There are 2 protein chains.
Amino acid sequence: MSDLSKGAAHVYGEIVPVSEAKISILDWGFLHSDATYDVVHVWDGNYFRLDDHLNRFYAGMSELRMSIPYSREELQQILSSCVKASGLRHAYVEMITTRGLPVPGSRDPRSCTNQFFAFAIPFVWIAPLQTGLDLVVSRKQRIAAESVDPRVKNYHWLDLVMGQYEAYDRGAQTAALVDRVGNIKEGPGFNIFAVKNSIITTPDKGVLRGITRKSVIELARTAGYTVLEKELSPAAARKADELFATSTAGGVMPISSIDGQIVGNGQIGPVTQRLKDAYWSLHEDPKYTTQIIY
Amino acid sequence: MSDLSKGAAHVYGEIVPVSEAKISILDWGFLHSDATYDVVHVWDGNYFRLDDHLNRFYAGMSELRMSIPYSREELQQILSSCVKASGLRHAYVEMITTRGLPVPGSRDPRSCTNQFFAFAIPFVWIAPLQTGLDLVVSRKQRIAAESVDPRVKNYHWLDLVMGQYEAYDRGAQTAALVDRVGNIKEGPGFNIFAVKNSIITTPDKGVLRGITRKSVIELARTAGYTVLEKELSPAAARKADELFATSTAGGVMPISSIDGQIVGNGQIGPVTQRLKDAYWSLHEDPKYTTQIIY
């Protein structure tokens, strides 16, 4: 038997170790990045906000005029089959629909049979847990919503990857990309929040509608904070008391410096800490979790 | 033996039928569309402008901070091994470099080993040869150069694919995408030219520097035409005497209608015909061709 404990994938109807999982080189999901995806995490054997992820995934497919032959229940079963095969109790579970291949000789996307793939891999932290992220505001513009709808979760990441290289060049770890007029949008895989005098601001236009973003907005409002979904300028971000990033990969992650300047006192701020604790507490609330029967 | 006559691919150091060629689902070339590529065509057993394609491919890798362990000569040998294995005398040959996979647990692109893939598939015409293309000017904006450098040939095509769907919805075959202020940029895999009173205009900013585009500009200038590389508005395109598209996939292709309105008299125009003939004549010029020894 192959080792599935480092991750298990569902490809072309089979469960295989993720390291051996391969997709056709001709799939438009690769050759045209013509795909949508979602990532739900599993924490202590439970999916977190699975319904929200499935809603977004099906909405993205619809927007891209893709479909899969699986009901939500069947899709969930496939995801769970990956998790169960791996035995992982803390995992990222990625679901992907690609355009597929057109019929030979055609370049008509309508002739494609859409393909579905999924995999479960171990949960890893994308940011150092104690110290937080060193972030720079990149000169790179995030791909505009007028080109690719950011609400449809997609793999158009070259701008984000090149922003990451810029961050390394400037002695940081990661980058926030901007829009045409210079406002902060998002980083590679995360939304951005600023806290100033207990008021919380996060960009709303031209960014992914992150599920963690949504959780944090809900938790902050419940805790009595004002949350503004509006433009965030680099100048405002630099003056913030606290900055943090949100992502399914890592949850609520403090940002400890911006453009080489320490945020607050360089330690995780009280609002960030409170929201981070509240976020992880949600993982014990049956309203937001779906148990996997291993 | 597997059938290679429908296309042969070089993946992970092996030559396989392209229909069986697969890449790792975890490669950032797929999961982040973090890749660059080029397509050279083979006509009657000869590469056309191979040097130009290789120059662009190596420049793109450098821009994306990727590298492959092959010299130009070795790369050419790999491409030729695909063509020879297939036996095809008219083919598209695609070469691809992807970021590869980061080391486990990392999201640092610098930890990735870049991967190289290639395949040769039969040459097909992407447009009807006699009648030309029915094109609409899409409302969709081509991904801006400030986000992803279009001179680095890349797979960020969701805007182009969605433009294609818009074209179908509007009763056409393909679409030209625009920039923020509405000027025409490019279509899915092709550059666009307009001819008015024997003056030829093609967009220069925010578009792929197509090798066929380059050939046509050179040929037109040699033939005494004025070629302007500058913005092309939809209004100017609609008033053109002739419109055509250029692509490695198909060469010089007449556009017979724009937004439902016939271009010229609906037949291939004299300038388009002349440039098309000149383009195909170049394929017999040893200066532009590289013979493959089968």
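Definitions and limits used
- Residues numbered from 1 in each chain as written.
- Chains lettered and ligands numbered in written order.
- Predicted model: local features only at pLDDT ≥ 70, side-chain atom pairs only at ≥ 80, totals over all residues.
- Heavy atoms only, no water.
- Contact = heavy atoms within 4.5 Å.
- Buried area = accessible area lost by both parts, 1.4 Å probe.
- Salt bridge = Lys/Arg side-chain N within 4 Å of Asp/Glu carboxyl O.
- Polar contact = N/O pair within 3.5 Å; in protein donor to acceptor, adjacent residues only side chain to side chain.
- Core = buried A, V, L, I, M, F, W, Y, C linked by side-chain atoms within 4.5 Å.
- Buried < 20%, exposed > 50% of the residue type's maximum accessible area, 1.4 Å probe, protein only.
- Pairing = 2+ DSSP bridges.
- Helix = DSSP H or I, 4+ residues; strand = E, 2+ residues; numbered from the N terminus.
- Axes fitted to C-alpha atoms, helices over the stretch in contact; angles between N-to-C directions.
- Domains from an automatic or database assignment.
- Nonpolar A, V, L, I, M, F, W, Y, C, P; charged D, E, K, R; others polar.
- pLDDT = per-residue confidence, 0-100.
- Parallel < 35°, antiparallel > 145°, perpendicular 65-115°, else oblique.
- Left-handed = near helix turned anticlockwise from the far one by under 90°.
- Least-squares fit on C-alpha atoms with pLDDT ≥ 70 in both.

Describing the interface of chain A and chain B
Point 1. Facing 55 residues of chain A, the contacting portion of chain B comprises 55 residues.
Point 2. For the pair chain A and chain B, the summed buried area comes to about 5200 Å², and 66% of that belongs to carbon and sulfur atoms.
Point 3. If you look at where chain A meets chain B, you find two salt bridges.
Point 4. Ionic pairing is found between Asp169 of chain A and Arg65 of chain B, a salt bridge with its closest N-O pair at 2.4 Å.
Point 5. On inspection of chain A and its partner chain B, the count reaches 25 residue pairs in polar contact (both at pLDDT 80 or more).

Brief notes about the nonpolar core
Point 1. Counting residues in each nonpolar core, the largest one holds 154 residues, and the members touching the most others are Ile25 and Leu79 of chain A together with Ile25 and Leu79 of chain B.
Point 2. Contacts of Ile25 of chain B, omitting those with residues within four sequence positions, involve Val11, Val18, Ala21, Lys22, Ile23, Ile96, Phe117 and Phe119 of chain A together with Phe30 and Leu31 of chain B.

Some words on the sheet that holds strand 2 (residues 14–17) of chain A
Residue and element names in this part refer to chain A.
Point 1. The strand order 2-1-7-6-4-5-16 describes an open sheet built from seven strands, whose pairing is antiparallel. At either end of the open sheet lies a strand with only one pairing partner, and these are strand 2 and strand 16 (289–291). Neighbour-to-neighbour, the strand axes of the sheet open up by a mean angle of 25 degrees, direction not taken into account.
Point 2. Each of strand 1 (8–11), strand 2, strand 4 (35–43), strand 5 (46–48), strand 6 (91–98), strand 7 (115–122) and strand 16 is contacted by helix 3 (residues 72–86), which is oriented at about 35 degrees to strand 7, the strand it contacts most.

Things to note about the domain arrangement of chain A
Residue and element names in this part refer to chain A.
Point 1. Along its sequence, chain A is organised into domain 1 (8–122) and domain 2 (133–282).
Point 2. Averaged C-alpha coordinates put domain 1 and domain 2 at centres separated by 26 Å.
Point 3. Taken together, the contact between domain 1 and domain 2 spans 21 residues of the former and 21 residues of the latter.
Point 4. Summing both partners gives a buried area of about 1800 Å² for domain 1 against domain 2, and 59% of it is carried by carbon and sulfur.
Point 5. The tally of links from domain 1 across to domain 2 stands at two salt bridges.
Point 6. The shortest N-O distance in the salt bridge between Lys214 and Asp52 comes to 2.7 Å.
Point 7. Looking at the side of domain 1 that touches domain 2, the elements that each hand over two or more residues are strand 4, helix 2 (50–63) and strand 6.
Point 8. In terms of residue count, the dominant contributor to the side of domain 1 that touches domain 2 is strand 4 (eight residues).
Point 9. The class makeup of the residues in the side of domain 1 that touches domain 2 is nine nonpolar, six polar and six charged.

Observations concerning the confidence of the model for chain A
Point 1. Taken residue by residue, chain A gives an average pLDDT of 96. The fraction at 70 or more is 98%.
Point 2. For this predicted complex, the interface score ipTM comes out at 0.97, alongside a pTM of 0.97.

Considerations on the pattern of salt bridges
Point 1. For the structure shown, the criterion picks out 46 salt bridges over all chains.
Point 2. Across the pair Asp51 of chain B and Arg72 of chain B runs a salt bridge, and its minimum N-O distance is 3.3 Å. Here Asp51 of chain B, found in helix 2 (residues 50–63), pairs with Arg72 of chain B, found in helix 3 (residues 72–86); they are 21 residues apart in sequence, far enough to count as distant.
Point 3. Owing to a relative accessible area of 51%, Asp51 of chain B belongs among the exposed residues under this scheme.
Point 4. Ionic pairing is found between Asp241 of chain B and Lys196 of chain B, a salt bridge with its closest N-O pair at 3.7 Å. One end of the pair, Asp241 of chain B, is in the loop between helix 6 (234–238) and strand 13 (242–247); the other, Lys196 of chain B, is in strand 10 (residues 191–196), with 45 residues separating them in the sequence.
Point 5. In this structure Lys196 of chain B comes out as partly exposed when scored by relative accessible area, which is 38%.
Point 6. Each of Arg139, Glu166, Arg170, Arg238 and Asp259 of chain A takes part in a single network of salt bridges with overlapping partners.

As for the sheet that holds strand 4 (residues 35–43) of chain B
Residues and elements named next belong to chain B.
Point 1. The seven strands are arranged 2-1-7-6-4-5-16 in an open sheet whose pairing can be described as antiparallel. Only two strands of the sheet have a single neighbouring strand rather than two, namely strand 2 (14–17) and strand 16 (289–291). Averaged over all pairs of adjacent strands, the angle between strand axes in this sheet comes to 25 degrees, irrespective of strand direction.
Point 2. Where strand 6 (residues 91–98) meets strand 7 (residues 115–122), eight bridges bridge the pair, whose relative direction is antiparallel. Directly across from Ala91, in strand 7, lies its bridge partner Pro122.
Point 3. Docked against the sheet, helix 2 engages strand 4, strand 5 (46–48), strand 6, strand 7 and strand 16, running at close to 175 degrees with respect to strand 4.
Point 4. Each of strand 1 (8–11), strand 2, strand 4, strand 5, strand 6, strand 7 and strand 16 touches helix 3; the most contacted strand, strand 7, lies at about 35 degrees to it.

A closer look at the pairing of strand 2 of chain B
All names here are of chain B.
Point 1. Sheet topology places strand 1 next to strand 2; four bridges connect them, and they run antiparallel. Counterpart to Val11 in the pairing with strand 2 is Glu14.
Point 2. Once strand 1 ends, the chain turns through two residues before running back antiparallel as strand 2, passing Tyr12 with a positive phi of about 50 degrees.

Quick word on the packing of helix 2 of chain B against helix 3 of chain B
Residue and element names in this part refer to chain B.
Point 1. The contact between helix 2 and helix 3 brings their axes to 12 Å, and the two run at 115 degrees. Classified by the angle their axes make, helix 2 and helix 3 are roughly perpendicular. The handedness of the crossing between helix 2 and helix 3 is right-handed. Taken together, the residues of helix 3 that come into contact with helix 2 (itself represented by Leu50, Asp51, Leu54, Asn55, Phe57 and Tyr58) are Arg72, Leu75, Gln76 and Leu79.
Point 2. Of the residues assigned to the contact of helix 2 with helix 3, the class counts are six nonpolar, two polar and two charged.

Concerning the relation of the copies chain A and chain B
Point 1. At an RMSD of 0.0 Å, chain A and chain B line up after a rotation of 180 degrees and a shift of 0.0 Å along the axis. Taken together, the rotation and translation relating the two chain copies correspond to the operation of a two-fold axis.
Point 2. Most of the interface of chain A is mirrored in chain B: 100% of its interface residues are interface residues there too.

Side note on the environment of Val161 of chain B
Residues and elements named next belong to chain B.
Point 1. You can see Val161 is positioned in helix 4 (residues 158–169).
Point 2. Owing to a relative accessible area of 0%, Val161 belongs among the buried residues under this scheme.
Point 3. Counting along the chain gives 27 residues from Val161 to Pro188, while the straight-line C-alpha distance between them is 7.1 Å.

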